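As a plain string of letters, each chain reads:
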Amino acid sequence: MAGSLKTEAIVLRSMRYGEADRILHLFTPERGRLSAIAKGVRRAKTRFGGRLEPYFRLQLVLYQGRSDLLTVTSAETIAGHPRLREHGAALDGAARACDAVGRMFDDHDAHAGVYHLLANQLALLDADPGRATRGNALAFRLKLLLAAGFAPQLAACAGCGEGDHLVGFSGAAGGVVCSACEATGFALSQDAHDFLVGALARPLAETPDAPPRALAQADRAILDTLEHHANLRLRATA
Ligand SMILES: [Zn+2]
């Protein structure tokens, strides 16, 4: 299987390795998550020009030898997202987005939709770092659930199919629940329900706003869903 692989990638993590090398965790459209080593990064700064850092979107050429670890042979910047790096909340939003993607998918688990979602989120945060709100972080997680096939059921009770009196949310049931099924979940306000529906339906750039209490409930609904269906424990967004 030795040979070269040309691919776009987003750098999820970049770790120092030995004297002068770096290990990169990458997310790619066609091969999902993969790891690569970049040799001599600190000795030959000009070769990669400091672009092997988290949140860079790159065009890479990787060499695949006999080991599982690929070697970076060339890297060109598609988007470096410099503005995002100067804004604490945007940087935090980018870190959360990359962490969630890196932990949700295994190596070689390809999801082109997830790649483009992550690229879109980084581009939005860079174009306007002020977008890095709790609502934006929650909308990203919801869309990530949707892309992975775990979007919560929001139109009817996930327990019994009832369309009215949807007053709770249950990660175990897989979505909103009615008053009769609420024992399996927690109370969800109308504002929180509306936020989840709006955030899922609208583009990432048009995330609806909601009162802090509603966002806290939406956050819990998303965390419960991730834990029950994707086996993933993330921190709350605030
Ligand atoms: Zn029900």
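Along each chain, residues carry numbers from 1 onward, in the same order as the chain's sequence is written. With pLDDT at 70 or above as the cut-off, local features in this predicted model cover only qualifying residues; side-chain atom pairs require 80 or more to be listed or tallied, and sums for whole chains, interfaces and linings still use all residues. By convention in this description, side-chain values take in all heavy atoms of the structure and omit both hydrogens and water.

S.K.: So, the coordination of the zinc ion: which residues are in play, and what are the values?
M.R.: Metal coordination here is assigned from N, O and S atoms located within 2.8 Å of the ion, or within 3.2 Å for Na, K and Ca; omission of water means that sites may look incomplete. The protein atoms that coordinate the zinc ion are C157 (SG), C160 (SG), C178 (SG) and C181 (SG), at distances of 2.3 to 2.4 Å. Four donors are marked tetrahedral only if all angles between them lie between 85 and 135 degrees, whereas four are marked square planar and six octahedral if opposite donors are more than 155 degrees apart and the other angles lie between 65 and 115; the remainder are marked irregular. Geometry at the zinc ion is tetrahedral, judged from the four donor atoms that bind it and their angles of 106 to 115 degrees at the metal. One chain supplies every donor to the zinc ion, and in sequence these donors are spaced C-x2-C-x17-C-x2-C. Note that C160 is positioned in the loop between helix 4 (134–148) and strand 6 (166–170) and C178 in strand 7 (residues 175–178), a separation of 18 residues in sequence. The classification of residues rests on relative accessible area computed with a 1.4 Å probe and restricted to protein chains. Under 20% of the type maximum is buried, over 50% is exposed, and intermediate values are partly exposed. Residue classification places C178 among the buried residues on the basis of a relative accessible area of 4%. Elements are defined by DSSP. Helices are runs of H or I of four residues or more, strands are runs of E of two residues or more, and each kind is numbered from the N terminus.

S.K.: Tell me what's going on with the packing of aromatic side chains, and back it up with residues and numbers.
M.R.: Stacked, tilted and edge-to-face pairs are distinguished by plane angle, under 30 degrees for stacked and over 60 for edge-to-face with tilted covering the rest, among Phe, Tyr and Trp rings (Trp via its six-membered ring) whose centres lie within 6.5 Å. All told, the structure shown has two aromatic pairs when counted by the stated rule. Between the aromatic rings of F27 and F105, the centroid separation amounts to 6.0 Å while the plane-to-plane angle is 45 degrees, which identifies the pairing as tilted. With F27 in strand 2 (residues 21–28) and F105 in the loop between helix 2 (88–104) and helix 3 (112–127), this residue pair connects regions lying 78 residues apart in the sequence. Relative to F186, the ring of F169 has its centre 6.1 Å away and its plane inclined at 40 degrees; by these criteria the two rings are tilted. Taken together, the residues span a long stretch of sequence, with F169 in strand 6 and F186 in strand 8 (residues 186–187) at a distance of 17 residues. Residue F169 shares its accessibility class with F186, and that shared class is buried.

S.K.: Account for the environment of R22, with residues named and values stated.
M.R.: Position of R22 relative to the elements: it lies in strand 2. For the pair R22 and A38, spaced 16 residues apart in sequence, the C-alpha to C-alpha distance is 5.2 Å. Should any heavy atoms of two residues lie within 4.5 Å, those residues are counted as being in contact. Ignoring anything within four residues of it in the chain, the contact list for R22 reads S14, M15, R16, Y17, A36, I37, A38, V41, L52 and E53. Among the polar contacts made by the side chain of R22, one reaches the side chain of S14 at a distance of 2.9 Å. N or O atoms closer than or at 3.5 Å make up a polar contact, with two conditions inside protein: a donor-capable atom paired with an acceptor-capable one, and, for residues adjacent in sequence, both atoms drawn from side chains.

S.K.: Describe the side chain of T28, listing the residues and the values that go with them.
M.R.: Tracing the backbone shows T28 in strand 2. Here T28 falls in the buried class, since its relative accessible area comes to 0%. A polar side-chain atom of T28 sits 3.1 Å from the main-chain amide nitrogen of R31. Among all residues touching T28, those that are not within four sequence positions of it are T7, E8, A9, L34 and Y115.

S.K.: So what's going on with the side chain of T237? Which residues, and what values?
M.R.: Tracing the sequence through the fold places T237 in the segment after helix 6 (212–229). Within polar-contact distance, the side chain of T237 engages the side chain of D219 at 2.7 Å. Those residues in contact with T237 that sit more than four places away from it in its chain are R96, R134, A137, L138, R141 and D219.

S.K.: Requested: an account of unusual backbone geometry, with residues and values cited.
M.R.: Trans peptide bonds make up the majority, and among non-glycine residues the majority have a negative phi. The backbone of H81 sits at a positive phi, close to 55 degrees, despite the residue not being glycine. Looking at the element boundaries, H81 is found in the loop between strand 5 (70–79) and helix 2. The exposure class of H81 is buried, given its relative accessible area of 5%. Residues other than glycine seldom take positive phi values, yet N231 does so here, at roughly 60 degrees.

S.K.: How would you explain the pairing of strand 4 (residues 57–64) if you had to name every residue and give the values?
M.R.: Whether two strands pair depends on DSSP finding at least two bridges between them. Judged from the eight bridges that link them, strand 1 (residues 3–17) and strand 4 form a sheet pairing that is antiparallel. Following the sheet pairing, G3 is matched in strand 4 by Q64. Pairing of strand 4 with strand 5 involves seven bridges; the strand directions are antiparallel. In the strand pairing of strand 5, L62 is matched with V72. What sits between the antiparallel neighbours strand 4 and strand 5 is a turn of five residues.

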